[in-house]
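# Structure at a glance
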Amino acid sequence: MQLDVWGEVLESLHLARESGIAATDTAWDLQRALLDHLEGSWSRPDNSLWEVRGPRRHFVHSKVLAWTGFDCAVRAVEQHGMDGPADRWRGVRDAIHAEVCAKGFDTGRNTFTQAYGSAQLDAALLLIPRVGFLPAADPRVVGTVEAVQRELCEDGFVLRYRPEEEGVDGLPGTEGAFLACSFWLVDALAGIGRQSEAERLFQRLLDLRNDVGLLAEEYDPSTGRHLGNTPQAFSMVGLVNSARRLSGTSTRTSADAGRQHTRR
């Protein structure tokens with residue numbers, strides 16, 4: 001069970017709507033059906049975008065993406081005139097936001113955590129400002145970016161997360177740096193105003209490309225070897241997104257950036 005997928009799909013359809021892509025007559029009916037399912041499921045534990053094995057947990061990234069789905073629904077009604085219970089969706093959206101900030105944030109370390117009640121971190125937390133859950137300038141976001149750098153980086157490249165026990169999540173205890181996550185750090189650094197640092201990391205990632213310009217899924221900083229699926233589209237999407245971010249041509253609009261600063 002991966003709750004984040006529902007938010008990902010709803011946000012993608014919302015971006016299509018904002019981009020002027022023509023919709024079929026049944027497109028909004030489909031989105032409302034997805035929202036109905038998410039409304040009844042967002043409070044359940046899941047296995048996260050990483051398909052973590054073991055007991056399901058309340059993963060922060062999953063909740064943030066559920067929030068994203070309802071935020072897109074509210075904006076579809078308010079900004080695009082779509083028909084739907086905006087007040088109810090707004091209430092769900094705000095409830096998710098309040099719960100995540102209360103249960104998914106470690107005040108002592110000033111960072112969001114992988115799951116409620118956990119001390120672990122997760123590279124997916126770097127996506128919190130991207131979806132508008134909190135603005136990049138929020139101290140909680142800045143603290144999370146810095147915590148990921150301290151606790152999840154190997155030679156500057158980002159691990160997905162560190163298993164609490166060897167093998168508990170189906171991993172051999174360690175794995176390589178996940179290159180898509182390293183591009184997320186590029187974006188997050190740029191978002192919190194550390195542009196030069198973001199550009200340096202981006203150049204290091206570019207230097208990892210093979211002779212035909214492609215990247216693998218993971219990278220082992222200790223050996224300099226590519227690991228995992230090769231080539232990996234997820235890594236290349238990260239490269240494209242970071243290039244757009246650093247060059248000022250990100251898909252996110254100025255209106256979205258302003259919307260982020262209204263979140264508490």
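So, here's what we can say about the structure. (Residues numbered from 1 in each chain as written. Predicted model: local features only at pLDDT ≥ 70, side-chain atom pairs only at ≥ 80, totals over all residues. Heavy atoms only, no water.)

## Let's talk about helix 3 (residues 60-80)
Between the first and last C-alpha of helix 3 there are 29 Å, a value that for 21 residues agrees with the 30 Å anticipated at 1.5 Å per step. A large share of helix 3 lies buried, amounting to 18 of its 21 residues. Where helix 3 ends, the next residue or the one after it, glycine 81, has phi of about 70°, a positive value. (Helix = DSSP H or I, 4+ residues; strand = E, 2+ residues; numbered from the N terminus. Expected span 1.5 Å × (residues − 1). Buried < 20%, exposed > 50% of the residue type's maximum accessible area, 1.4 Å probe, protein only.)

## Structural notes on the packing of aromatic side chains
With the rule as written, the count across this model stands at 9 aromatic pairs. Considering the side-chain rings of phenylalanine 157 and tyrosine 219, the 5.4 Å spacing of their centres and the 75° angle between planes classify their relative orientation as edge-to-face. Linking phenylalanine 157 in strand 4 (residues 157-158) with tyrosine 219 in strand 6 (residues 218-220), this pair joins segments that are 62 residues apart in sequence. Under the relative-accessibility criterion, tyrosine 219 is labelled buried at 11%. By the ring-pair criterion, three or more aromatic residues cluster together here, those being Trp50, Phe178, Trp184 and Phe234. Lying over the aromatic face of phenylalanine 178, arginine 160 brings its terminal NZ or CZ to 5.6 Å of the ring centre. (Phe/Tyr/Trp six-rings, centres within 6.5 Å; stacked < 30°, edge-to-face > 60°. Lys NZ or Arg CZ within 6 Å of the ring centre and 35° of its normal.)

## A few points about the state of the cysteines
Throughout the structure, instances matching the rule amount to 0 disulfides. The closest cysteine sulfur to the non-disulfide-bonded cysteine 72 is located on cysteine 101, 18 Å from its own sulfur. With relative accessibility at 2%, the residue cysteine 72 sits in the buried group. For the unlinked cysteine cysteine 153, the closest cysteine sulfur is that of cysteine 181, found at 10 Å. The class for cysteine 153 is buried, based on a relative accessible area of 16%. (Disulfide = S-S within 2.5 Å.)

## Concerning the packing of helix 2 (residues 27-41) against helix 3
Contact geometry for helix 2 and helix 3: axes closest at 11 Å, N-to-C directions at 140°. By the angle class used here, helix 2 and helix 3 are oblique. Crossing of helix 2 over helix 3 shows left-handed handedness. For the pair helix 2 and helix 3, contact is made by Trp28, Leu35, Leu38 and Glu39 and by Ala66, Gly69, Phe70, Ala73 and Ala76, respectively. (Axes fitted to C-alpha atoms, helices over the stretch in contact; angles between N-to-C directions. Parallel < 35°, antiparallel > 145°, perpendicular 65-115°, else oblique. Left-handed = near helix turned anticlockwise from the far one by under 90°. Contact = heavy atoms within 4.5 Å.)

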